[in-house]
Amino acid sequence: MTTFNDFLTNAKSAAKSAEQKITDCYDLTKLKITKSKIQSEINNKFEELGKKYYDMAKSGEEADFTADIDSIDDLKEELNNIDIQIATAKNMKSCPVCAQLVDKDANFCSSCGNKF
Ligand SMILES: [Zn+2]
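Keep in mind the model is a prediction, meaning the values are calculated, not measured. (Residues numbered from 1 in each chain as written. Predicted model: local features only at pLDDT ≥ 70, side-chain atom pairs only at ≥ 80, totals over all residues.)

Scanning the protein chain from terminus to terminus reveals 2 helices and 2 strands. Secondary structure elements of the protein chain, listed N to C terminal, follow the sequence α-α-β-β. The C-alpha atoms of the protein chain give a radius of gyration of 23 Å, which is well past the 13 Å a tight globule of 116 residues would have. The principal-axis extent of the C-alpha atoms belonging to the protein chain is close to 85 × 30 × 15 Å. Sorting the 116 residues of the protein chain into buried and exposed places 3% on the buried side. Of all intrachain contacts in the protein chain linking residues separated by at least 6 positions in sequence, the fraction that spans at least 24 positions is 37%. (Helix = DSSP H or I, 4+ residues; strand = E, 2+ residues; numbered from the N terminus. Rg over C-alpha atoms; globule rule 2.2 N^0.38 Å. Buried ≥ 20, exposed ≤ 12 C-beta atoms within 10 Å, placed from the backbone. Contact = placed C-beta atoms within 7 Å.)

In structure tokens form, the structure reads like this:
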């Protein structure tokens, strides 16, 4: 027999799981926003790099690109971390070789065939 207390317990746990789903969705949205911000930052860096190279070629003066390349690499690493977090939030994993999102339980990457 279902008592009123059982009913309350079930209602509470249903509410809690709905709340968890909303939190997961919210996290995923936040991660996707962060990802697109980083992507546009990378594009800006590439644009700067292109302009710097253009100026160098035009003026004939040597320019140092090390810092620019390093900051792009840092952003790419950040992007990788975000991909991993998104994969975790979606209950998936990111292939360490090609970054393809695959099911958490997959044994092979569906994109490059990498074995996990
Ligand atoms: Zn792969």
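Moving on, we come to helix α2 (residues 66-89). Relative to the 34 Å expected for 24 residues at 1.5 Å per residue, α2 spans 35 Å between its end C-alpha atoms, a close match to the ideal helical length. Phi turns positive, to about 65 degrees, at asparagine 91, one or two residues after α2. (Expected span 1.5 Å × (residues − 1).)

A separate point is the environment of glutamine 100. Looking at where glutamine 100 falls in the secondary structure, it is placed in the loop between β1 (92-94) and β2 (101-103). Judged by C-beta crowding, with 17 C-beta atoms within 10 Å, glutamine 100 ranks as partly exposed. With 13 residues separating them along the chain, glutamine 100 and alanine 87 place their C-alpha atoms 9.5 Å apart. The residues contacting glutamine 100, other than those within four sequence positions of it, are Cys95, Cys109, Ser110, Ser111 and Cys112.

Attention now moves to helix α1 (residues 4-59). With 56 residues, α1 should reach 82 Å at 1.5 Å per residue; the first-to-last C-alpha distance of 82 Å fits that figure. The buried fraction of α1 amounts to 0 of the 56 residues, a small share that puts the element mostly on the outside. Following α1 by one or two positions, glycine 60 adopts a phi angle in the positive range, close to 80 degrees.

Our focus in this paragraph is the confidence of the model for the protein chain. For the protein chain, the average pLDDT comes to 90, and 98% of its residues sit at 70 or higher. Averaged over each element, pLDDT in the protein chain is lowest for β1 (87) and highest for α2 (93). (pLDDT = per-residue confidence, 0-100.)

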